[in-house]
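# Structural features, examined
Given next are the chains, with one letter for each unit.
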Amino acid sequence: MKRFNPGAIRKAALAALMTTVALPALAADLTIGRAAEPSSIDPQFSRTGNNQGTAQLMFGRLIEQDANLQISPGLATEWTSVDETTWEIKLRDGVKFHDGSTLTADDVIYSLERTDEVPNSPAPFSDMVSSIDTMEKVDDLTIRIRTKEPAPALIEDIGRVFIISKAASEGKSSEDFNAGTATVGTGPYKFVSFKPGESLTIEAFDGYWGEQPDFEEVEVRFISNDAARVAALLSGSVDLIDAVPPADVARLEAQDGINVVSAASGRVIYLGLSQRFDQAPGVFDLDGKPLAENPFRDPRVRKAISLMIDRQLVVDRILGGAGVPAGQLVPAVLGGHADDLKPDEVDVAKAKELLAEAGYPDGFALKLYSSNNRFPGDGDLVQALGQMLTRGGLKVEGVEALPYNVYSKAASAGDYGAFVFSLGSSTPTSAPNLSSLIQTYDKEAGTGAFNRVRFSSKTFDEALSVALQEFDPQKRNELLAEATRIAFAETPIVPLYWQKVFWGAREGITIDGGLSEYTLAQDVKRVD
């Protein structure tokens with residue numbers, strides 16, 4: 001029997017900011033300017049960072065994580081491995097929902113069952129619950145879960161699912177969450193209003209089981225334009241902003257009354273090369289006709305494109321140093337990182353050689369796609385990639401950058417052949433990222449939920465399966481690293497860099513960032 005109880009010391013799940021002095025009075029006690037708005041207030045609709053960062057304000061999870069993704073008890077206080085495929089989970093006693101009802105095992109089981117049943121999810125939580133076979137309510141505070149096969153990281157997986165009220169949400173749709181009628185959580189803040197394209201207003205929940213937030217009311221304004229968001233901070237109309245453009249960092253640092261805080265993150269920015277269709281969207285021959293065969297299905301082509309990209313130049317020139325060149329999914333501080341797997345260096349000659357071997361001696365034409373407000377510099381990044389691929393022998397017909405809430409839906413639907421996307425780390429190891437981003441897509445099995453390119457490798461899948469069933473943490477990390485080597489021998493995606501994130505805040509606010517970079521602003525403190 002294995003018993004896991006990381007301790008009683010609680011780190012707020014959204015620990016991103018801490019106020020040290022009083023703030024000026026505004027329309028709300030705290031006003032935040034955010035670059036990207038959520039596509040839904042339904043906490044299980046999408047795993048994208050902007051959605052999760054919003055959900056964490058109002059909904060609790062079984063575990064909590066600090067800035068380095070280490071876990072501690074949340075709504076669950078203890079989890080015990082009864083045998084290799086059976087877990088028993090104890091819930092925190094006396095936790096209240098925003099409507100005053102008490103959290104029970106029924107709510108948790110309902111939430112986990114609903115996770116992979118949310119219609120039209122562009123980025124489902126399916127892989128977090130894919131290992132579950134059966135769930136049983138032992139009593140109001142105890143759940144017994146049986147897995148399909150050994151699942152040592154079960155609590156890390158299901159622990160990231162947001163828990164909702166069964167009574168308030170059963171039979172309701174995601175639209176009901178947007179309207180507030182189903183938005184009943186256990187988080188430190190409760191829903192007041194949501195105006196798509198404008199703002200989200202929340203207020204402190206006085207029945208919260210944890211440490212009470214300092215602010216009675218918080219307004220989150222969605223300001224996608226970088227210049228407008230920075231101007232709002234400088235004018236004092238917002239207290240803090242996320243996604244400070246790297247080009248504006250020095251200017252803000254020179255301003256009296258403004259602080260800029262940076263943090264390394266586990267978010268990998270990558271170029272996806274879609275392998276899901278016989279013809280890749282937006283890929284043409286040199287006469288402008290759709291290419292008969294999908295070139296991205298050839299690993300030599302994918303490798304060639306990786307060799308065309310100067311990652312260090314991107315970091316230095318486009319990001320102003322706000323990144324670390326990447327050659328895999330997670331940085332070295334997380335388990336499963338393969339130390340010997342380095343980012344590709346630029347080698348245009350080798351790239352052209354590989355293209356010729358694959359049957360494209362003169363290259364081919366393509367369009368590139370990206371968001372323009374998901375992370376700092378995303379619109380500039382795709383322009384730079386277009387220039388690099390052109391120098392590498394491809395004909396770039398154009399680039400298109402769109403608002404993230406529109407772009408992400410299209411990318412998930414497979415509308416793009418070559419596109420920029422990102423994936424943040426949310427656990428201490430690479431396991432969930434490997435499973436969601438490059439494991440073979442299987443809706444029924446819940447694997448490959450974020451595998452928008454539809455890469456598939458039986459050898460990698462088998463290696464990952466072995467790693468996921470290993471209970472010894474050190475051995476599991478070694479196996480995850482080996483699975484990573486197997487996958488990236490075929491360049492499943494083209495990793496570009498790990499993001500470095502910046503927040504801007506008015507005087508008196510300090511920001512405690514970390515690898516979970518989307519967790520902007522919840523544990524906010526004020527000293528009067």
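Predicted model only: the values in this text are computed from it and were never measured.

What follows concerns the UniProt feature "domain: Solute-binding protein family" (unreviewed entry) in the chain. Residues annotated in UniProt with the feature "domain: Solute-binding protein family" (unreviewed entry) correspond here to residues 71–438. Spanning residues 71–438, this segment combines 28% helix with 26% strand, and its end C-alpha atoms are found 24 Å apart.

A separate point is the environment of serine 465. Looking at the element boundaries, serine 465 is found in helix α15 (residues 458–468). Look at serine 465 and you get partly exposed, because its relative accessible area is 24%. A C-alpha to C-alpha distance of 24 Å links serine 465 and alanine 326, two positions 139 residues apart in sequence. Looking at serine 465, its side chain comes within polar contact range of the side chain of glutamine 469, at 3.2 Å.

Position of alanine 179 among the secondary structure elements: in helix α6 (residues 174–179). Taking the C-alpha atoms as reference points, alanine 179 and aspartate 83, separated by 96 residues in sequence, lie 43 Å from one another.

Structurally, the position occupied by threonine 86 is in strand β7 (residues 86–91). Not counting the four nearest positions on each side in its chain, threonine 86 is found in contact with Thr80, Ser81, Arg144, Ile145 and Arg146.

What follows concerns the packing of aromatic side chains. Evaluation of the coordinates by the stated rule reveals eleven aromatic pairs. An angle of 80° between the planes, with centres 6.3 Å apart, marks the rings of phenylalanine 125 and phenylalanine 162 as edge-to-face. Linking phenylalanine 125 in the loop between α2 (105–114) and α3 (126–129) with phenylalanine 162 in the loop between α4 (154–158) and α5 (166–169), this pair joins segments that are 37 residues apart in sequence. Note on phenylalanine 125: relative accessible area 1%, which makes it buried. Measuring from ring centre to ring centre gives 4.3 Å for tyrosine 369 and tyrosine 416, while their planes differ by 15°; the resulting arrangement is stacked. Note that tyrosine 369 is positioned in strand β17 (residues 365–371) and tyrosine 416 in the loop between α13 (404–413) and β19 (418–423), a separation of 47 residues in sequence. Tyrosine 416 gets classed as buried once you look at its relative accessible area, which sits at 7%. The cationic tip of arginine 452 hangs over the ring face of phenylalanine 421; the distance from NZ or CZ to the ring centre is 3.9 Å. For arginine 454, the ring lying beneath its charged end belongs to tyrosine 441, and the centroid distance is 3.7 Å.

What the rule picks out here adds up to 19 salt bridges. The salt bridge involving aspartate 278 is made with arginine 297; its shortest N-O contact spans 2.8 Å. Taken together, the positions of aspartate 278 in the loop between β14 (258–273) and β15 (283–284) and arginine 297 in the loop between β15 and α9 (299–307) put the pair 19 residues apart, joining distant regions of the chain. Taking the relative accessible area as the measure of exposure, aspartate 278 reaches 54% and is therefore exposed. Residue classification places arginine 297 among the partly exposed residues on the basis of a relative accessible area of 40%. Here arginine 485 ties to aspartate 340 by a salt bridge, and the two come within 2.9 Å at their closest N and O atoms. Placement of the pair is arginine 485 in helix α16 (residues 473–488) and aspartate 340 in the loop between β16 (323–325) and α11 (348–357), with a sequence separation of 145 residues. What makes arginine 485 partly exposed here is its relative accessible area of 30%. What makes aspartate 340 exposed here is its relative accessible area of 52%. Overlapping salt bridges, with partners in common, bring together Glu88, Glu136, Arg144 and Arg146 in one network.

With that settled, consider the environment of threonine 429. Along the chain, threonine 429 turns up in the loop between β19 and α14 (431–437). In this structure the C-alpha to C-alpha distance between threonine 429 and alanine 481, which are 52 residues apart in sequence, comes to 10.0 Å. Ignoring sequence-local partners within four residues, the contact set of threonine 429 consists of Gly335, Asn477 and Leu480. Within the local environment of threonine 429, its side chain forms a polar contact with the backbone nitrogen of alanine 431, the two atoms lying 3.2 Å apart.

Moving on, we get to helix α1 (residues 49–58). A large share of α1 lies buried, amounting to ten of its ten residues. Taken together, the buried positions of α1 are occupied by Gly49, Asn50, Asn51, Gln52, Gly53, Thr54, Ala55, Gln56, Leu57 and Met58.

Taken as a whole, the chain is organised into domain 1 (30–257 + 507–526) and domain 2 (266–498). Relative placement of domain 1 and domain 2: their C-alpha centres are 27 Å apart. The interface is formed by 34 residues belonging to domain 1 together with 32 residues belonging to domain 2. Taken together, the two surfaces of domain 1 and domain 2 that pack against each other cover about 2,900 Å², and 59% of this comes from carbon and sulfur. For the interface between domain 1 and domain 2, the tally reads zero salt bridges. If you look at where domain 1 meets domain 2, you find three residue pairs in polar contact (both at pLDDT 80 or more). If you list the elements that add at least two residues to the side of domain 1 that touches domain 2, you get α1, α3 and α4. Taken together, the residues of the side of domain 1 that touches domain 2 break down into 16 nonpolar, nine polar and nine charged.

At a closest axis distance of 8 Å, the pairing of α9 and α11 adopts a crossing angle of 160°. As the angle between them shows, α9 and α11 are arranged roughly antiparallel. Read as a crossing pair, α9 and α11 show a hand that is left-handed. Note on element contacts: α11 touches α9 through Val348, Lys350, Ala351, Leu354, Leu355 and Glu357, opposite Arg300, Val301, Lys303, Ala304 and Leu307. In the contact of α9 with α11, the residues fall into seven nonpolar, no polar and four charged.

Our next topic: the pairing of strand β6 (residues 76–83). Where β6 meets β7, six bridges bridge the pair, whose relative direction is antiparallel. Paired with threonine 80 across the two strands is glutamate 88, which belongs to β7. Here β6 folds back onto β7, and the loop between the two strands holds two residues.

Moving on, we get to the nonpolar core. Grouped together as the largest cluster of nonpolar side chains are 55 residues, with contacts concentrated most on Ile158 and Leu200. Element by element, the count of residues in this core is highest for α2, at five residues. When sequence neighbours within four positions are dropped, the list of residues in contact with leucine 200 reads Ile41, Thr54, Met58, Phe191, Ser193, Phe194, Val218, Glu219, Val220 and Phe222. Counting residues in each nonpolar core, the second largest holds 49 residues, with Val238, Ile305, Val382 and Met388 among its members.

Rules behind the numbers
Residues numbered from 1 in each chain as written. Predicted model: local features only at pLDDT ≥ 70, side-chain atom pairs only at ≥ 80, totals over all residues. Heavy atoms only, no water. UniProt positions renumbered as here; feature names shortened; annotations may be inferred. Helix = DSSP H or I, 4+ residues; strand = E, 2+ residues; numbered from the N terminus. Buried < 20%, exposed > 50% of the residue type's maximum accessible area, 1.4 Å probe, protein only. Polar contact = N/O pair within 3.5 Å; in protein donor to acceptor, adjacent residues only side chain to side chain. Contact = heavy atoms within 4.5 Å. Phe/Tyr/Trp six-rings, centres within 6.5 Å; stacked < 30°, edge-to-face > 60°. Lys NZ or Arg CZ within 6 Å of the ring centre and 35° of its normal. Salt bridge = Lys/Arg side-chain N within 4 Å of Asp/Glu carboxyl O. Domains from an automatic or database assignment. Buried area = accessible area lost by both parts, 1.4 Å probe. Nonpolar A, V, L, I, M, F, W, Y, C, P; charged D, E, K, R; others polar. Axes fitted to C-alpha atoms, helices over the stretch in contact; angles between N-to-C directions. Parallel < 35°, antiparallel > 145°, perpendicular 65-115°, else oblique. Left-handed = near helix turned anticlockwise from the far one by under 90°. Pairing = 2+ DSSP bridges. Core = buried A, V, L, I, M, F, W, Y, C linked by side-chain atoms within 4.5 Å.

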